[in-house]
Structure formats: structure tokens, C-alpha cells
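Analysis of the macromolecular model
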Amino acid sequence: QVQLVESGGGLVQAGGSLRLSCAASGSIFSINAMGWYRQAPGKQRELVAAITSGGSTNYADSVKGRFTISRDNAKNTVYLQMNSLKPEDTAVYYCNFRTTSEEYWGQGTQVTVSS
């Protein structure tokens, strides 16, 4: 059974940085895309960043220039480097892996940015 295990969330002051990690445990093959989503209280879950198996990336406009997504295919791990954090980045962050036939979600990690 595949599980995605996230780490790296926490409390940080505005302007600070955090690095999120998400690793897959269990057998998972042919991951096409990895991504990070977030959900703030009272809001819908939104895409933050995604990266394909070929390394192409996509970012939400609100995080462009501040966040960087990367992946280690050998380790089935995706990272999200978050710099210049703002209070509006406060949310639960979820990682997402997609294969040709399956989709997996992490349990979520809280990121809180204080002003």
C-alpha cells in the first residue's frame, strides 16, 4: 500500500523560509506528476506547484518567484522550497502523486506564517 509522508511544516515569521518534503512509501511506479496543494480555513484546496516526470514545472501566480518545486525520482520524493513567506501562505499543505492509473495524497502538514 502506497503512503505519502510529508514533513517540514511549522511556524515561521513573515519573510522566513520553510522546506517541505514528501516521500512515497511502498511500491509506486511511473509517477507522471508530483505536486503540492494547500487549503486555508474556509477556502478550497488549490494547486501551489507541480512538476512532471520530465521536470516541467507549474506554479500558482501567488507563489511564483518565491516557491520552488523539485523532485528526486530515485527516492520518489518531492520538495517545496518556500521563501519570502507571507501570512497569506498559511494553510495545510498536501502533496499529490499521479501515475497513469492512480492518485495519492499526503496527510497534510500545517504551515503557519506569522506577521
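Residues numbered from 1 in each chain as written. Predicted model: local features only at pLDDT ≥ 70, side-chain atom pairs only at ≥ 80, totals over all residues. Heavy atoms only, no water.

1. Some points on the state of the cysteines
Any covalent bond linking the sulfur atoms of two cysteines counts as a disulfide. Under the definition given, this model contains one disulfide. The disulfide partner of C22 is C95, and the S-S distance across this bridge is 2.0 Å. Across the S-S bond linking C22 and C95, the dihedral sits near 50°, which makes this disulfide right-handed. Here the residue C22 occupies a position in strand β3 (residues 18–25), and C95 occupies one in strand β9 (residues 91–98), the gap between them amounting to 73 residues. Judged by its relative accessible area of 0%, C95 falls in the buried class. (Disulfide = S-S within 2.5 Å. Helix = DSSP H or I, 4+ residues; strand = E, 2+ residues; numbered from the N terminus. Buried < 20%, exposed > 50% of the residue type's maximum accessible area, 1.4 Å probe, protein only.)

2. A few points about the side chain of N76
By the secondary structure assignment, N76 is in the loop between β7 (67–72) and β8 (77–82). Taking the relative accessible area as the measure of exposure, N76 reaches 18% and is therefore buried. Ignoring sequence-local partners within four residues, the contact set of N76 consists of C22, A23, A24, I28, I31, M34 and F97. (Contact = heavy atoms within 4.5 Å.)

3. What about the side chain of R71?
Structurally, R71 can be placed in strand β7. As a buried residue without a salt bridge, R71 has its nearest oppositely charged side chain in D72, at a separation of 8.2 Å. At 3.4 Å, the side chain of R71 forms a polar contact with the backbone oxygen of I31. A polar contact is formed between the side chain of R71 and the side chain of N73, at a distance of 2.6 Å. The residues touching R71, leaving out its near neighbours within four places in the chain, are I31, N32, A33, M34, I51, T52, S53, T77 and V78. (Lys, Arg positive; Asp, Glu negative; His and termini not counted. Salt bridge = Lys/Arg side-chain N within 4 Å of Asp/Glu carboxyl O. Polar contact = N/O pair within 3.5 Å; in protein donor to acceptor, adjacent residues only side chain to side chain.)

4. Overview of the packing of aromatic side chains
Tallied over the full model, the rule gives one aromatic pair. When the ring centre of Y79 is taken as reference, the NZ or CZ atom of R19 above it lies at 4.1 Å. Positioned above the aromatic ring of Y94 is the side chain of R45, whose terminal nitrogen or guanidinium carbon lies 3.8 Å from the ring centre. (Phe/Tyr/Trp six-rings, centres within 6.5 Å; stacked < 30°, edge-to-face > 60°. Lys NZ or Arg CZ within 6 Å of the ring centre and 35° of its normal.)

5. Focus on the sheet that holds strand β1 (residues 3–7)
Spatially, β1-β3-β8-β7 is the arrangement adopted by the four strands of the open sheet, whose pairing is antiparallel. Strand pairing shows two members of the sheet lacking a second neighbour, β1 and β7, which therefore form its edges. The average undirected angle you get between the axes of adjacent strands in this sheet is 15°. Relative to β8, β3 runs antiparallel, the two being bridged by six bridges. Each bridged residue has a counterpart across the sheet, and for R19 the counterpart in β8 is Q81. (Pairing = 2+ DSSP bridges. Axes fitted to C-alpha atoms, helices over the stretch in contact; angles between N-to-C directions.)

6. Section: the pairing of strand β4 (residues 33–39)
Of all seven residues that make up β4, five are buried, and the element is covered over most of its length. Relative to strand β5 (residues 46–52), β4 runs antiparallel, the two sharing six bridges. The partner of R38 across the bridge, within β5, is E46. Hairpin connection from β4 to β5: six residues lie between these consecutive antiparallel strands, with G42 at a positive phi of about 80°. For β4 and β9, the ladder comprises seven bridges, and the chain directions are antiparallel.

Geometric descriptors of this kind do not, in isolation, establish any biological role.
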